[in-house]
Amino acid sequence: MVFRSKIKWFALFVLIMSVAFLLLHLSIAKSSVRLVQYSAMAGLQNEFANLLGTRISRNKRLWGRVKLLESLQPYANPRGSYPDPNDGHSRFIYAKVFGGFEKIRQSICDLVAISRLLNATLVIPEIQESTRSKGISYKFKSFSYLYNEEQFITYLKNDVIVIKSLPTHLREARRRNELPTFRPKTSASANYYIKEVLPKLEKAKVVGLLITDGGGLQSVLPRSMDELQRLRCRVAFHALQFRPEIQALGRKMLERLRAWGRPYLVFHPGLVRDILAYHGCAELFQDVHTELIQYQRAQMIKKGIIKEELVVDSRVQKRKGLCPLMPEEVGIILRGMGYPSKTIIYLAGSEIFGGQRILTPLRAMFPNLVDHTSLCSAEELAELVGPEDSLPEDSFQFPPSKSEKQLKEQWQRAGPRPRPLPPPPDRPIYRHEKEGWYGWIAERDKEPDPSPSDQRREAHRLLWDALDFIVSVEADAFFPGFHNDGSGWPDFSSLVMGQRLYEGASSRTYRPDRKTLVEYLNTTYDSMYILRRNWTLLVQEHLNKSLGVEGLIWQSQFSKPTSFLSHPLPECSCRIAPLEVRNHVKGMDGRVMYGGEDMCPKWMEHGQDTQDLKGEKEESDDETGEEYESNLSEQPGFGGSDRNTNAIPSFDQDEEMDPND
């Protein structure tokens, strides 16, 4: 009996210890797991914490403003004599604008500048991606689908007369194709319009412009035309306001991002099929996506857009900096900079070629990866689109069956990049395999024309890009995956960087050199996910320099020649404090790349003094940054006894090295 009693007590002891260990493991797991806060309750908790005065500290080296650029202020007002547009009512310019969001925005700015140059009245441009034929809501008409017409007309009343439509007799002449039309290139000079377009305009009283390449006026103009450059800035940064519904939803998205109580970073991958095809980056992808890029490249070669061969080595192109940084590479770079895994990253861009699969590694490194679909409900997005007519159902027919001989011949004709093989004969062909936007690639040699649903989807992308643009401009930090690509077409990231530079030059905007970063990444392939200490220091030094003067000079050299809006300095800015003459930087053509801004008016200097006092207080509150600094020690190369704070470069001692201090 005594032996049995001892066994019972021993069993009870084992049971109690098991429960205790289980509770201990659960508590450890609960404290170590960092949950992604998407719930409304978590957001409310953070909001209440902010109301009670609790503040999450920031790391200055990750989120601080660039002090060296704080003296730059937005100032696009006319300087000196600037007459009102008096005689423009007798001559008219109407225009059709083709392309996506970034091409539309830059084209409209060029059209206003051209109208001012020719002293003509501008008819509201027709955005071809959002016409009624694209299946958009009956509530909108082309331009008003994206932008606020009344704001556009009112703001520019002292620059260019803008009307909503041509007079009746001229509309009839346009329908009969009796009016002269021009298709200017993005590199068209002011002399082209004065010598070629103006005579026709004076004779016919109206001309039409077809803007297809994202602009109709060269980016860099002579210094005597600085007022046209400032007019471009007034159009892009003031007159072109999104319609009220877009602005309201954009503000809601910002409120929801801020409700978490943490700063956020915006990343725009720039993975667009046209750009990837232009630079020959097909081999960065797999199977179907490679075929789609190569098909697009072949079409560009036929049209004369590309003068190179169809097949190029994508690895060589990437080493040259001509291909985008892949999302997983950007994730590694951000981790090397010190951004913790809990950083909120907003993913911008309505088109991400490769889909969600290509974002999987980045999402694994940064679980708090959000976009407009995770910040907005389906109902909110539907209200933004507006009521739309139902489209006819897509008629789907199974392709005719092919014999074994036909399949072999098709395989032999496929070339060095074979198309995906058809499914085995015993397995049926499922509808989704042939009906999707990529389904044609396995069966046809020619891409089918866009269906009504495809056209409507392209129009919707304009709205999603507008929301992303609002969030990107207001972000605490912005990192472009692909910009300054050399194609001559405007890109989303460059427009965001230009607007951030105009509105707040000291905002944290990375301007990376992809060629340099790819060189650094190539040294880590043996240990891709274990960052070496010297590698992280190289990345930090390069990206910190890109935030300041060196980044602006690089941007002026490579981006401004193709897109003025990507770098509106020095024409559209002024300085609160004078800059030393020795810091003026000029290019090979004599153009001032940095330091050529005028001094700001006195009333701007007075307003800046108040902001400086506020900024000093915020800086003192953010100085510790314990939450983010503690996460830095968890990264490989920064933890344990190997950590040596003296080995990390002290950028405070050298202003040229760290733009933040």
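None of the values given here were measured: they were computed from a predicted structure. (Residues numbered from 1 in each chain as written. Predicted model: local features only at pLDDT ≥ 70, side-chain atom pairs only at ≥ 80, totals over all residues. Heavy atoms only, no water.)

S.K.: Give a detailed account of the state of the cysteines, specifying residues and quantitative values.
M.R.: A full pass over the atoms with the stated rule returns three disulfides. With its sulfur 2.0 Å from that of its partner, Cys-233 forms a disulfide with Cys-572. Sign of the S-S torsion, about 90 degrees for the bond between Cys-233 and Cys-572, identifies this disulfide as right-handed. Here Cys-233, found in helix H8 (residues 226–239), pairs with Cys-572, found in the loop between helix H23 (549–558) and strand E13 (573–575); they are 339 residues apart in sequence, far enough to count as distant. Note on accessibility: Cys-233 and Cys-572 belong to one class, buried. A disulfide bridge connects Cys-574 with Cys-600, and the sulfur atoms are separated by 2.0 Å. Linking Cys-574 and Cys-600, the disulfide has an S-S dihedral of approximately 95 degrees and is accordingly described as right-handed. Here Cys-600 lies in the loop between strand E16 (598–599) and helix H24 (602–621) and Cys-574 lies in strand E13, a separation of 26 residues in the sequence. Given a relative accessible area of 0%, Cys-574 falls into the buried group. Classification of Cys-600 as buried rests on a relative accessible area of 6%. Look at the chain and number its bonded cysteines as they come in the sequence; the links are 1-4, 2-3, 5-6. Free cysteine Cys-109: the closest other cysteine sulfur is in Cys-233, separated by 8.5 Å. (Disulfide = S-S within 2.5 Å. Helix = DSSP H or I, 4+ residues; strand = E, 2+ residues; numbered from the N terminus. Buried < 20%, exposed > 50% of the residue type's maximum accessible area, 1.4 Å probe, protein only.)

S.K.: Would you mind going over the sheet that holds strand E9 (residues 344–347) in detail, with residue names and values included?
M.R.: The strand order E10-E9-E8-E11-E12 describes an open sheet built from five strands, whose pairing is parallel. Only two strands of the sheet have a single partner each, and these edge strands are strand E10 (369–370) and strand E12 (508–509). Bridge count for strand E8 (residues 264–268) against strand E11 (residues 477–480) is four bridges, and the pairing is parallel. Each bridged residue has a counterpart across the sheet, and for Phe-267 the counterpart in E11 is Phe-479. In the packing of helix H20 (residues 492–503) onto the sheet, contacts are made with E8, E11 and E12, and the angle to E11 comes to roughly 150 degrees. (Pairing = 2+ DSSP bridges. Contact = heavy atoms within 4.5 Å. Axes fitted to C-alpha atoms, helices over the stretch in contact; angles between N-to-C directions.)

S.K.: So what about the sheet that holds E16? Which residues, and what values?
M.R.: Backbone hydrogen bonds hold the strands of a sheet together, and the pairing may be parallel or antiparallel. Reading across the sheet, the three strands line up as E1-E13-E16 and stay open at both edges, with mixed pairing between neighbours. Of all strands in the sheet, those with a lone pairing partner are strand E1 (72–74) and E16, marking the two edges. Relative to E13, E1 runs antiparallel, the two sharing three bridges. If you follow Gln-73 over to E13, its bridge partner there is Cys-574.

S.K.: Requested: an account of a nonpolar patch on the surface, with residues and values cited.
M.R.: A cluster of nonpolar side chains, Trp-9, Leu-12, Leu-15, Ile-16, Val-19 and Leu-23, forms an exposed patch at the surface whose accessible area comes to about 640 Å². Among the structural elements, Ile-16 can be located in helix H1 (residues 2–32). (Patch = residues over 30% accessible without salt bridge, like charges linked within 9 Å, V, L, I, M, F, W, Y side chains within 5 Å. Areas by Shrake-Rupley, 256 points an atom, 1.4 Å probe, with all protein chains shown as cover. Salt bridge = Lys/Arg side-chain N within 4 Å of Asp/Glu carboxyl O.)

S.K.: Now, about the confidence of the model for the chain: what can you tell me, with residues and values included?
M.R.: Detailed reading of predicted coordinates is not advised where the pLDDT is low. Taken residue by residue, the chain gives an average pLDDT of 79. The fraction at 70 or more is 75%. When the criterion is pLDDT under 50, residues 609–661 qualifies, and its contacts beyond four places in sequence or with other chains add up to 89 contacts. (pLDDT = per-residue confidence, 0-100.)

S.K.: Tell me about the side chain of Arg-243, and name the residues and values.
M.R.: Within the fold, Arg-243 resides in the loop between H8 and helix H9 (244–258). Those residues in contact with Arg-243 that sit more than four places away from it in its chain are Phe-140, Ser-144, Tyr-145, Leu-146, Tyr-147, Asn-148, Leu-384 and Leu-463.

S.K.: Please set out the packing of H8 against H20 residue by residue, giving values where relevant.
M.R.: Axis separation between H8 and H20 bottoms out at 11 Å; the angle between their running directions is 90 degrees. As the angle between them shows, H8 and H20 are arranged roughly perpendicular. Only Gly-498, Gln-499 and Tyr-502 of H20 make contact with H8, whose side of the interface consists of Ala-236, Phe-237 and His-238. Split into classes, the residues belonging to the contact of H8 with H20 amount to three nonpolar, three polar and no charged. (Parallel < 35°, antiparallel > 145°, perpendicular 65-115°, else oblique. Nonpolar A, V, L, I, M, F, W, Y, C, P; charged D, E, K, R; others polar.)

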